[in-house]
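# Structural overview for review
What follows is each chain in one-letter form.
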Amino acid sequence: MEKIVLITGATSGFGKAIVEKFAAGKWNCIITGRRADRLHAIADEIREKHQVRVLSLVFDVQKKDEVFQNLTNLPEEWKDIDVLVNNAGLALGRDPFDEGNLGDWETMIDTNVKGLIYVTKAVVGNMVKRQHGHIINIGSIAGKEVYEKGNVYCASKFAVDALNKSLRIDLLPHKIKVTALHPGAADTEFSLVRFKGDEDKARSIYNGYTPLFAEDVADIAWYCATLPPHVCINDMVITCTAQANSVHLHKE
Ligand code: NDP
Ligand code: 8X3
């Protein structure tokens, strides 16, 4: 039986690696992101390499109308999504609260929290109808413990953690699994985005230890998605070996 996974934020980092992993397992993939060129190039590459179907949808998860327009009008052959991976997200800035930027904060909340809510709401109705589905939310270790200058990013990921727990309860009668993955420091484009293109600053985040890589998280998402129907991983914090929690990271 063919399976369908929808992955938001598939143009880079975890999302891109998750597409690669699921496509290698012969799942058909709906992939989303704002950068159209990258998204369509990834779709072409995946189709060719893995001989699966790929639907690429360009939209901004912050824009409610775009989300619902794209996800509630899916072609018939794409409607029955088995797994939704809510991955699109970002951090912007790392400043003490009093020096933080309101616009950055709004973007983080609009993307990490409201975007995730919109996408989930647009997709969950059909899962409920089918009494089948699995939602995998990418939270963060920052949503488990706050760290200095993490303020609003941490708050956005604490909100994701609350949604994980709450969705799991509300969707229980409908046999829908809800899994939360909370990675620690991982070498993706995350820090480049956070530090607004400052490559030296971004690179310095990963110096002196071996961080997680996108493929590590993709392997775990795949594991969670392919367990037997009666088994659900509820909540997983994943760090590299050099990281104990959101504050203690051992650099050589
Ligand atoms: P990347 O920057 O490499 O990837 C982020 C992805 O999110 C991109 O594909 C980007 O696509 C997409 N995205 C961002 N904003 C939007 C938007 N408004 N609408 C649609 N898509 C959007 O970072 P990561 O892979 O590291 O991040 C993925 C998730 O993992 C995020 O939720 C992040 O908070 C979380 N995370 C990251 C950790 C890390 O250390 N790397 C650790 C813990 C959690 P595009 O720009 O094309 O729209
Ligand atoms: C990303 C990891 O530690 O920068 O969520 O918050 S951290």
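See above for the structure.
Computed from a predicted model, the values in this text were never measured in an experiment.

Another aspect to go through is the site of ligand 1. Of all residues adjacent to ligand 1, which total 30 residues, the nearest are T11, S12, R34, Y153 and T188. Backbone polar atom of G9 to an oxygen atom of ligand 1: 3.0 Å apart, as the coordinates give it. Contact between ligand 1 and R34: an oxygen atom at 2.7 Å from a side-chain N or O atom of the residue. Its free accessible area being 880 Å², ligand 1 has 96% of it covered by the protein chains. Put simply, the parts of the chain that give the shell around ligand 1 at least two residues each are α1 (13–24), α5 (151–170) and α6 (190–194). Considered class by class, the residues forming the shell around ligand 1 number 12 nonpolar, 13 polar and 5 charged.

Moving on, we get to the pattern of salt bridges. By the definition in use, this model includes 15 salt bridges. For R130, the salt bridge identified is with D80, shortest N-O distance 3.7 Å. A residue pair is termed long-range when its members are at least 10 positions apart, and R130 in helix α4 (residues 102–130) and D80 in the loop between α3 (64–71) and β4 (83–86) qualify at 50 residues. The salt bridge partner of D110 is K114, with a shortest N-O separation of 3.5 Å. Of this pair, D110 and K114 both sit in helix α4, 4 residues apart, which is roughly one turn of that helix. For D110, a relative accessible area of 23% corresponds to the partly exposed category. Judged by its relative accessible area of 35%, K114 falls in the partly exposed class. Through salt bridges with shared partners, a single ionic network connects K144, D161, K165 and D235.

About the criteria used
- Here the residue index of a chain counts from 1 through its sequence in written order.
- Key to labels: chains lettered from A, ligands numbered from 1, both in the order written.
- Where totals are concerned, whole chains, interfaces and linings use all residues; where local detail is concerned, this predicted model gives features only for residues with pLDDT of at least 70, and gives and counts side-chain atom pairs only at 80 or more.
- Water and hydrogen atoms play no part in the side-chain values, which are based on all heavy atoms of the structure.
- We call a residue near a molecule or strand as soon as one heavy atom of that residue lies within 4 Å of the molecule or strand.
- In the analysis that follows, any N or O atom pair within 3.5 Å is treated as a polar contact, provided that within protein one partner can donate a hydrogen and the other can accept it, and provided that, for residues neighboring in sequence, both atoms belong to side chains.
- Methods summary: accessible areas were calculated by the Shrake-Rupley approach with a probe of 1.4 Å, and residue burial reflects only the protein chains presented.
- The way it works is that DSSP assigns letters per residue, a run of H or I at least four long becomes a helix, a run of E at least two long becomes a strand, and they are numbered from the N terminus.
- Think of it as three bins: nonpolar holds Ala, Val, Leu, Ile, Met, Phe, Trp, Tyr, Cys and Pro, charged holds Asp, Glu, Lys and Arg, and polar takes everything else, Gly as well.
- Here, a salt bridge means any Lys or Arg side-chain nitrogen found within 4 Å of an Asp or Glu carboxyl oxygen.
- For every residue, the accessible area obtained with a 1.4 Å probe (protein chains only) is divided by the maximum for its type, and the residue is called buried under 20%, exposed over 50%, and partly exposed between those limits.

This is a description of form; function is not addressed.
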